[in-house]
Amino acid sequence: MTNLLLAVALISLVVGGVGIMNIMLVSVTERTREIGIRMAMGARARDVLRQFLVEAIALCIAGGAVGILLGRGVSVAISALLNWPTLPSIPAIIASVAVAVTVGVIFGYYPAWKASRLDPIEALRYE
């Protein structure tokens, strides 16, 4: 049973990560001109890379926070309705935040790298 839950969790993380990657790729495409302006004004490739990585991580942390709050809310509801004792697990919360950050870095790196490699002149011409 544990292996089945692990497999479902891994598949969910991969699906969520691909969704994050797609959102970030669309963001890069829509903001190509902005990236070109930033690079033309002196932003280095690592600055653009860092910007998009931070955005991907923030997106994943926001999703992780919603998941933690939703899980805790369901836990409190079960405790109130069924009188089952539930306790918040701080290590589980820390692990979920760490997993969210890891997913953000792994699946946000390619769009960030793609944004950082844009040619400023071509990016400024993009419409």
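Model, not experiment: these values are computed from the prediction.

1. A closer look at the layout of surface pockets
Within this model, the largest pocket holds a volume of roughly 190 Å³. Lining the largest pocket are Cys60, Gly63, Gly64, Gly67, Ile68, Ser96, Val99 and Ala100. When contributions to the lining of the largest pocket are tallied by element, the ones reaching two or more residues are helix H3 (45-82) and helix H4 (90-116). No other element matches H3, which puts five residues into the lining of the largest pocket. The class makeup of the residues in the lining of the largest pocket is four nonpolar, four polar and no charged.

2. Some words on the pattern of salt bridges
Side chains carrying opposite charge are able to pair once their charged atoms draw close together. Per the counting criterion, the structure on display carries five salt bridges. The partner of Glu55 in a salt bridge is Arg31, and the shortest N-O contact between them spans 2.8 Å. Pair noted here: Glu55 is in helix H3 and Arg31 is in the loop between helix H1 (2-30) and helix H2 (32-40), with a separation of 24 residues, a long-range link. For Asp47, the salt bridge identified is with Arg50, shortest N-O distance 3.7 Å. Here the residue Asp47 and the residue Arg50 both occupy positions in helix H3, the gap between them amounting to three residues, near one helical turn. Given the relative accessible area of 18%, Asp47 is considered buried. A relative accessible area of 48% places Arg50 in the partly exposed class.

3. Thoughts on the side chain of Ser75
Among the secondary structure elements, Ser75 is positioned in helix H3. Engagement of the side chain of Ser75 in a polar contact is seen with the side chain of Arg72, the distance being 3.0 Å.

Conventions and cut-offs
Residues numbered from 1 in each chain as written. Predicted model: local features only at pLDDT ≥ 70, side-chain atom pairs only at ≥ 80, totals over all residues. Heavy atoms only, no water. 1 Å grid on protein atoms, 1.4 Å probe; cavity = no way out; pocket = protein on both sides within 12 Å on 5 of 7 lines; lining within 4 Å. Points joined across faces, edges and corners; volume = space filled by probe spheres on them. Helix = DSSP H or I, 4+ residues; strand = E, 2+ residues; numbered from the N terminus. Nonpolar A, V, L, I, M, F, W, Y, C, P; charged D, E, K, R; others polar. Salt bridge = Lys/Arg side-chain N within 4 Å of Asp/Glu carboxyl O. Buried < 20%, exposed > 50% of the residue type's maximum accessible area, 1.4 Å probe, protein only. Polar contact = N/O pair within 3.5 Å; in protein donor to acceptor, adjacent residues only side chain to side chain.

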